[in-house]
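Results of the structural survey
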Amino acid sequence: MLKSSRMWKFANPIKHPIPKTRWPTVEEASQSLLFQPIQVGPIRLDDRTWVPAMVPWRATKDGFVTQDNLDWYRRFAMGRPAALVVEATGIRDIPSGPLLRVGHERFLPGLKQLVNVVREASDGQTKLFIQLIDFLAVKRRPDEAKYFQRFLQITSLHRRTLSELTGDSTWNDADEKRVREWLAQGSEEIVARVLNDRELEALRFGYREHVTDTQLPHIKELPQVLPRIFADAARRARDAGFDGVELHYAHAYTMAGFLSALNDRSDGYGGARENRARLPLEVYRAVRETVGDDFVVGVRFLADEVIAGGNRINEASYFGVEFAKAGFDCLSLSKGGKFEDAEQPKVGQAVYPYTGQSGYECMPTTLSDERGPFGRAVPLVAQIKQAVNAAGFKTPIVATGGITTFDQAEAILQGGAADIVGMARQALADPDWFRKVKSGRGDEVRRCTYTNYCEALDQAHRQVTCKLWDRKEIDDPGITLSPDGRRRLIAPDWNCSKNPDRA
Ligand SMILES: Cc1cc2nc3c(=O)[nH]c(=O)nc-3n(C[C@H](O)[C@H](O)[C@H](O)COP(=O)(O)O)c2cc1C
Ligand code: SF4
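Here is a short report on the structure shown in this document. (Residues numbered from 1 in each chain as written. Chains lettered and ligands numbered in written order. Predicted model: local features only at pLDDT ≥ 70, side-chain atom pairs only at ≥ 80, totals over all residues.)

This part takes up the overall build of the protein chain. Check the secondary structure of the protein chain and you find 20 helices and 12 strands. On C-alpha atoms alone, the protein chain measures out to a radius of gyration of 24 Å, which is about the 23 Å that the 2.2 N^0.38 rule sets for 503 residues. Along the longest, intermediate and shortest principal axes, the C-alpha atoms of the protein chain span 90 × 50 × 50 Å. When the 503 residues of the protein chain are sorted by exposure, 47% land in the buried category. (Helix = DSSP H or I, 4+ residues; strand = E, 2+ residues; numbered from the N terminus. Rg over C-alpha atoms; globule rule 2.2 N^0.38 Å. Buried ≥ 20, exposed ≤ 12 C-beta atoms within 10 Å, placed from the backbone.)

Another aspect to go through is the site of ligand 2. Taken together, 13 residues form the shell around ligand 2, and within it R425, C448, Y453, C454 and C466 come nearest. Only α18 (425–429) and α20 (453–459) provide two or more residues apiece to the shell around ligand 2. It is α18 that provides the largest number of residues to the shell around ligand 2, a total of 3 residues. Looking at the shell around ligand 2 residue by residue, the class counts come to 8 nonpolar, 3 polar and 2 charged. (Near = placed C-beta within 6 Å. Nonpolar A, V, L, I, M, F, W, Y, C, P; charged D, E, K, R; others polar.)

So, on to helix α10 (residues 222–240). The terminal C-alpha atoms of α10, which comprises 19 residues, lie 26 Å apart, in line with the 27 Å expected from a rise of 1.5 Å per residue. Listed as buried for α10 are L222, L226, P227, F230, A231, D232, A233, A234, R236, A237, R238 and A240. Buried residues along α10 sit against α3 (108–121), β6 (127–133), α9 (217–220), β7 (244–248), α11 (254–259) and α13 (278–291). Once α10 ends, the next one or two residues include G241, with phi positive near 105°. (Expected span 1.5 Å × (residues − 1). Contact = placed C-beta atoms within 7 Å.)

An order of β4-β5-β6-β7-β8-β9-β11-β12 is seen for the 8 strands of this closed barrel, with the pairing classed as parallel. Taken pair by pair, the neighbouring strands of this sheet meet at an average axis angle of 25°, ignoring direction. Judged from the 4 bridges that link them, β6 and β7 form a sheet pairing that is parallel. Within β7, the position partnered with I130 by the bridge is V245. (Pairing = 2+ DSSP bridges. Axes fitted to C-alpha atoms, helices over the stretch in contact; angles between N-to-C directions.)

Let us look at unusual backbone geometry. Within the chain, W57 stands out as a residue other than glycine whose phi angle is a positive 55°. The residue W57 is located in the loop between β4 (49–51) and α2 (67–78) in this model. Its 18 C-beta neighbours within 10 Å are what place W57 among the partly exposed residues. A positive phi angle, close to 60°, is found at V306, a residue other than glycine. Mapped onto the elements of the fold, V306 is located in the loop between β8 (296–302) and α14 (313–326). Residue class for V306 comes out buried when judged on the 22 C-beta atoms lying within 10 Å of it.

Taken together, 25 residues lie near ligand 1, and P52, A53, A88, A424 and R425 sit nearest. Those elements that provide at least two residues to the shell around ligand 1 are β5 (83–90), α18 and α20. With 3 residues, α20 is the largest single contributor of residues to the shell around ligand 1. The residue makeup of the shell around ligand 1, split by class, is 13 nonpolar, 7 polar and 5 charged.

In terms of residue burial, β8 counts as a mostly covered element, since 7 of its 7 residues are buried. The alternating pattern of β8 places V296, G298, R300 and L302 and V297, V299 and F301 on opposite faces, both of which are buried. Pairing of β7 with β8, which is carried by 5 bridges, proceeds in the parallel orientation. Paired with H248 across the strands is R300, a residue of β8. For the crossover from β8 across α14 to strand β9 (residues 330–334), the handedness is right-handed. (Right-handed = clockwise from strand over helix to strand, strands pointing away.)

This is how it looks when you write it as structure tokens:
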């Protein structure tokens, strides 16, 4: 049984129903803005639908594409969204669990296969991008005794603080063992006074690297090494046959860390927002120089970090304009998803950046405030688009977050809030949303309930599925099941010949 996810909740949540809707006829769909083509840099999307990146936990532990990955992306391609973004894919040649990787040529054969599968299943209609991610180390929350015995580095500051707190000057020369033992037995309050913020974070949440840890050589040199690493990964993506890359500058990862208002690096890559944008722009230029102009280079970043002291809409608008000016082909907006406000993990587990309020805003559920979960980020996206357009750029902007009906998607486009509409969970619930709506059969859409069963699986690093279909027709021949044999791994096929007169 899947335990419910540990997630931040509103104090007095309101349960919102899934909005009732009407669906368009074939004629109406064909005349809608949603189903009009749009130019994204060098390529044309058949329409304005987009499936943003979703990690399905299906790669091998070494980061290779598996048959399950191929089946997962084939299933999305069968629904024929205009654009499909492959999950966050690691750009370095370092182990990162069962997440896809593109940090070496040996990953190319699998990625090429993935491209071919999507081309074939969509008859070439779905354009395929891959999201490129860099992330810093995050360790599991330690057992307290072990932390004091082994992990904490005892310093003269600890000794001095202990001496001040206790009025006992022998602490100034105390040996490590004595300090460790004393801290291990100390009250929470004492420990909080002796340890600094980062040590407390490591104790309570697990050790986590920050982009501001410039005392560590590999963090200090990030601005020198990341442009090349991203550029090489993008070149491999192009060699594998993708239509483009999306640079992951959102959520809790390295590049978002550089953009963050919390980034106070003093080496010209932190502090003022111009400096915080510096590395993200240098990475972009290195990627562009490497892949050329005939390959889409997009970016995903945050319309709001949703954390204390973090970037808000003004900074996001500034970054949007700078990214458009630099030459990104499209800007995809997300919201929140940060470590800073995440829930404390259990001992032995790693902190998950979608458990705090910022996590809620990233993947909002129907247990919400009065605004509800549907299109919550759209007003922010509209402001960013306005700023980008006012600066003279027409760079297409993708809005995502609780977008589920045709009317809602069409209103977002007609109202000029965005140029392209992204659907992650709705596409997971029903990958055929796009085909069904386009063919006048929207009433056959399996509607996402926005209660985040899928997200809880992601949190538990288990293969992601949707509760609406993972136990359906489970005995059908030829379907792949989860290792416990209880869930199917891809959505059932849409039997579109059931009502042939309507097709
Ligand atoms: C299982 C799961 C995995 C996700 N993985 C990624 C990811 O790899 N990269 C990313 O930028 N966003 C990721 N997201 C966030 C989605 O792309 C999207 O922004 C979010 O779910 C809100 O959109 P929705 O309301 O249409 O689902 C993930 C979401 C889910 C549910
Ligand atoms: S499990 Fe399915 S219905 Fe529930 S939020 Fe995820 S995609 Fe939607």
